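So you can see what is in the structure, the chains are spelled out below.
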Amino acid sequence: MKFKEVKHSIPKVDGKGLLKGASAYTDDLAVESALIIKLLRSPYAFAHIKSIDTKKALRLEGIECILTYKDVPRIPITRAGQGYPEPSPKDKFILDEYVRYVGDEVAIIAGTTQKVVEDAIKLIEVEYDVLEPVLDFEKAEGNKSVIHPEKEIYSMFPMGLDAKNNIACSYLDTMIVGDVDKTIAECDVKVEHRYYTHAQQHVAMEPHTSTAYIDVQGRLNIITSTQNPYHTRRIIGEALAKPLRDIRIFKPRIGGAFGAKQQIHNDIFTAIVTLKTGKPSKCFYTRKEVFESSFTRHQMRFDIRIGADKKGNIQAIDMQLLSNTGAYGEHALTTFMVAGAKTLPMYNKTTAIRFEGKVVYTNKCPAGAYRGYGAIQANFAVESAIRELAEKLNMDPVELRLKNCIKEGETSPVFTIMGEGGEGIAQVMESCKLDYCITRGRELIGWNEKYPSKQIAPNKIRSVGTAIAMQGSGIPLLDMGAAVLKLNDDGFFNLLVGATDLGTGSDTILSQIAAEAIGVPVDRIVITSSDTDTTPYDVGAYASSTTFVSGNAARKAGLNMRAKLIEEAAKALEAANKNDVIFEDCTFKLKDKSITLKELSEGLYYKFGAGMKQLIASGSNTSPKSPPPFMAAYVEIELDTETGKIDILDYVAVVDCGTPINPNLAKIQVEGGILQGIGMAMYEDVIYSKDGKMLTNNMMKYKIPNRKDVKKLTVEFAESYEPAGPYGAKSVGEIGIDTPLAAIANAVYNAVGVRIRSVPLTPEKILNGILEKS
C-alpha cells in the first residue's frame, strides 16, 4: 500500500535542535534560583526510625526546609503510573517511619545551594531500630520479618495482596485451560525445568529530574522527565490531597526512560517543597541514586513444564512464576501478568495451559517498569524450554516453532482469559507474519549451513541460536489517547497530543500520521505534546501504546480536520455538493475553480466576514484489541572454550510490526531493544552485599554493552498490515528486547552442550559447564 507521509523515513522533528544543544531537558528549564533538594536515605535494608533530630541542620544558613515523615501527609499511594483503577498495591507513603531498603527516603532537605544541603544532611541525627531484612525472594513468603506491617495499605481491587505474608499480589486458579497435569503425564515427550532471571538497571542517559514552581494563579507547576504526565498529576494530587485543577505537569525532552520514568520519583519532593516554601525547587538524582533508589527490572523464577507428542505437536504448557517486587509493589501485578500474556499465545495449538504464581516483597530496591517487562523474563524461560524440547524430540528447533506457532487468522484462549482482547473477546490475529519472520530469519542467518555449530579453531566454536517473541499494542479498553488539530492562517496546523516522546520519535510519527490523514506534507504540522494544561489526555508512553493508541487518535483527528476543511472549501468555492471538492497538493479544486489551503485559512480568519471561524478537530482512541507485533531472532556467536567468552557475530531480527510509520525510527527501536536484551543476557547484573547494600551502584561496576559488542545487527520488517492500526501499524517499541536471553543461551548450548538456566550468561558459568561436562 502506498502512502505519501507514513512509511517514509523522515528525520525526527526535534533532531536538529537537540544536536545543536538547545535547552530542552528538565534541568535546562529550572530557574537558577530554585532551591536544591536532596534526600537523606537509609543505610539499612530494613529498620524502624525511633527518632530523628533536624535542629542542627535547620540552623545552617541557606536551609529552607527539612521534612520528615511527621511533616508530610500520610496517604498510601502507588508511584506506578498506570491505568485506573490502579493495578498496584497502595503501599507507599511520601515518607514513613519504616525504611525498607538501602536508599529508601528518610528526610527531604531543601536549601539554596547543593553544598549547604549536603552539609545539612550530615547534621541530621537518626536513631534506627535495625530489623532483620528479607533479601532472598524465595524465602519471602511467610517470613517472620513482615516488610509492610502498616495497616493503611490496600489495593483498589482484589489482587491477592497479603502483606502479613510479604505477598504483594497473586494469580491462582484463573489462567487454566484443560487438565494440564493429565495432559502432560500422557505426552510422549516432556521437559520440566526451573529458570531464573535477574534484576536489571535502565541506565537512561538522563537521571530522574524534576523542578517545580508556583505560577501567577497560585497553581503548582511541575516540569519533569516523566513518561506519563496525566498519571503523574493524579498521583501527586492524591498524595498531597490537592485538587488536580491546581496542578500542572509538563514534560520537556527526555534523555531516555525505558520504563524507569513510568512512575513518580522526585516529582513529589519538588512538589511538596515548593508548596511548603512557596519557592521554586529542583531535585536531580545522581547516578548512584538512580541505581540504588529508583527501580530495577523484576527478578523472577519460572518453573516450566511442556509436553508434546512424538511428532512435535505441543500439547500442554505449565508456567509457575515467582516474582520479586522489592520493597514496594509498583507494577507487581501487571509485570507478572505480562509474563504469561506475551508468551503463551505464541504456541496456540496446545490443549492445556496453566499460568499461576505470586509476587513477593523483599528488602531490596523496588522493582518497576522496564521495557518488555515480564515478557523478556518469561521469553527466556519459555524459549529455552522449547529448545530443550526440540533436543528431546531430535527435531530442528526452527521446525518445532514453525509447527506450533500462532498464525494469521488464529487465536488463543489466553487472549480471552487474560483480557488481552478485552473482556470475553477472543482476539483473532488479523495480522501475523510470525511464520514468515521465522523462515526469513533462518535464511538471513544461514541457519541450515551453520546449525548447530562449527569448530573453527582448537578453542573456538561458532554456533547459532534462535528465539521468537510477541508483544502487544497498548492495553485494551484501558489505554486512551487523544489528539487535537488546529488550523492556523498560512495553512499550517498545530497538533496537540498528550502522548509522550521519550526520545523514541513519537512526536515525529504522530505528525506523519496526522499529515497523512489530512492530506498535507508533514512540514505543515507543528506538534506540541505532554502538557496537562494545553494538550489532551493521553495514557502516556508505556505498554507499547503510542503508535497504536495515540496514532489512531491522531489519524481520527486528521480525518475530522480534512472533512471540516473540505466543507469550508465547498462553501468558498460555492459547490453544490461538498463531495465534488477534491483536495490534493494543498489545493481544493472544483472543476475550473480552486482555492489553496493558505487562502482558505486566511479567509476563515480575516476575510470571510460572517463565515469566519476557527477550525479545530479532535480524535480520541481506545480499542478492544491489542494487536501483537511478532519477531523471530537469530544469533551467531563465537565461543572460546578456554575462557567461556562469547562474541556476538551477527544478530538477525525479522519483525512484524504492521506498517512501520517511520521505518528508520522503527529500525532504531528494534536495534536499541536488542542491545539492551544482549546486556541483560551477557553483562548486566544487580549485585547486593549480604546485608542488602547494592554493590553495582555505578557505571564502573555495572557494565552495559556498547555498539562494538555486537559485530553486526540485521533488522528487517515483514510486509504486514494491521486493520485496527493507524495505516496498518502495530507497536515496535518493546519487541526487540525480548529474544536475546534465550537466543544466546540456545546458541551456547548448540556450541558446547552446556544449558544455562539463569542469566547473565557469564564466561564463568559457561566455563564451569564445560569443565563439568568433561
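How each quantity is defined
Residues numbered from 1 in each chain as written. Predicted model: local features only at pLDDT ≥ 70, side-chain atom pairs only at ≥ 80, totals over all residues. Heavy atoms only, no water. Helix = DSSP H or I, 4+ residues; strand = E, 2+ residues; numbered from the N terminus. Buried < 20%, exposed > 50% of the residue type's maximum accessible area, 1.4 Å probe, protein only. Contact = heavy atoms within 4.5 Å. Areas by Shrake-Rupley, 256 points an atom, 1.4 Å probe, with all protein chains shown as cover. Lys, Arg positive; Asp, Glu negative; His and termini not counted. Charge placed at Lys NZ, Arg CZ, Asp CG, Glu CD. Polar contact = N/O pair within 3.5 Å; in protein donor to acceptor, adjacent residues only side chain to side chain. Domains from an automatic or database assignment. Buried area = accessible area lost by both parts, 1.4 Å probe. Salt bridge = Lys/Arg side-chain N within 4 Å of Asp/Glu carboxyl O. Nonpolar A, V, L, I, M, F, W, Y, C, P; charged D, E, K, R; others polar. Axes fitted to C-alpha atoms, helices over the stretch in contact; angles between N-to-C directions. Parallel < 35°, antiparallel > 145°, perpendicular 65-115°, else oblique. Left-handed = near helix turned anticlockwise from the far one by under 90°. Patch = residues over 30% accessible without salt bridge, like charges linked within 9 Å, V, L, I, M, F, W, Y side chains within 5 Å. Pairing = 2+ DSSP bridges.

Any chance you could explain the overall build of the protein chain here in plain terms?
The helix and strand inventory of the protein chain stands at 20 helices and 27 strands. With respect to the principal axes defined by its C-alpha atoms, the protein chain has extents near 90 × 70 × 50 Å. Here the protein chain holds 774 residues, and the buried ones make up 62% of them. Taking all contacts inside the protein chain whose residues are at least 6 apart in sequence as the whole, residues at least 24 apart take part in 80%. Element-wise, carbon and sulfur atoms account for 52% of the exposed surface of the protein chain, whose accessible area totals about 28200 Å². Positive and negative charge centroids in the protein chain, built from 94 and 96 side chains respectively, lie 1 Å apart.

Looking at this model, I keep getting lost on helix α11 (residues 397-404). Mind explaining?
Since there are 3.6 residues in each turn of an α-helix, residues three or four apart along the chain are aligned in direction. Where burial is concerned, most of α11 is hidden: six out of the eight residues are buried. All of the buried residues in α11 are Pro-397, Val-398, Leu-400, Arg-401, Leu-402 and Asn-404. Capping the start of α11 is the job of one residue whose side-chain oxygen sits 2.8 Å from the backbone nitrogen of Val-398: Asp-396.

Can you help me understand the domain arrangement of the protein chain in this one?
Size of an interface: often given as the accessible area lost when the parts come together. You can read the domains of the protein chain as domain 1 (31-131 + 205-256 + 261-293), domain 2 (299-475 + 625-773) and domain 3 (480-621). Each of domain 1 and domain 3 has a C-alpha centre, and these two points are 40 Å apart. Each side of the interface is counted separately: domain 1 has 20 residues, and domain 3 has 18 residues. Between domain 1 and domain 3, a total of about 1500 Å² is buried, with carbon and sulfur atoms accounting for 46% of that surface. The three residues of domain 1 that bury the most area against domain 3 are Gln-227, Tyr-230 and Lys-251, which together make up 40% of that side's buried surface. In this structure, Asp-501 engages Arg-253 in a salt bridge whose closest nitrogen and oxygen atoms are separated by 4.0 Å. Where domain 1 packs against domain 3, one counts 14 residue pairs in polar contact (both at pLDDT 80 or more). Of the residues belonging to the side of domain 1 that touches domain 3, the class tally is six nonpolar, nine polar and five charged.

Where do I start with the pattern of salt bridges in this structure?
When the charged atoms of two side chains with opposite charge come close together, those side chains can pair. As enumerated under the stated definition, the model contains 63 salt bridges in all. A salt bridge links Arg-219 to Asp-533; its shortest N-O distance comes to 2.8 Å. Here Arg-219, found in the loop between β9 (209-214) and β10 (220-224), pairs with Asp-533, found in the loop between β20 (525-529) and α16 (546-572); they are 314 residues apart in sequence, far enough to count as distant. Judged by relative accessible area, Arg-219 falls into the buried class, the value being 14%. Ionic pairing is found between Lys-433 and Glu-408, a salt bridge with its closest N-O pair at 2.6 Å. Of the two residues, Lys-433 is situated in the loop between α12 (413-417) and α13 (434-445) and Glu-408 in the loop between α11 and α12; the sequence distance between them amounts to 25 residues.

When you look at the packing of helix α6 (residues 229-240) against helix α7 (residues 267-277) in this model, what are you seeing that I'm missing?
Packed helices, taken two at a time, are described by their axes: the angle between them and the distance between them. One way to put it is that α6 packs onto α7 with a least axis distance of 10 Å and a crossing angle of 50°. The angle between α6 and α7 places the two elements in the oblique class. As α6 packs across α7, the resulting crossing turns out to be right-handed. Note on element contacts: α7 touches α6 through Asp-267, Ile-268, Ala-271, Ile-272 and Leu-275, opposite Thr-232, Ile-236, Ala-239 and Leu-240. Of the residues belonging to the contact of α6 with α7, the class tally is seven nonpolar, one polar and one charged.

I tried to follow a nonpolar patch on the surface on my own but got confused; where do I start?
A surface patch of nonpolar side chains, about 290 Å² in accessible area, is lined by Tyr-606, Phe-608 and Met-612. Positionally, Phe-608 belongs in the loop between α17 (597-606) and β24 (616-621).

Is there a simple way to think about the sheet that holds strand β25 (residues 630-640) in this case?
Backbone-to-backbone hydrogen bonds pair the strands of a sheet. The strands run either parallel or antiparallel. Pairing is mixed across the open sheet formed by five strands, whose spatial order is β16-β17-β25-β26-β27. What marks the edges here is a single partner per strand, and that holds for β16 (453-457) and β27 (713-717). With strand direction ignored, the average angle separating the axes of adjacent strands in the sheet is 15°. For β16 and strand β17 (residues 460-470), the ladder comprises four bridges, and the chain directions are antiparallel. Pairing of Ala-457 across the sheet is with Lys-460, part of β17.

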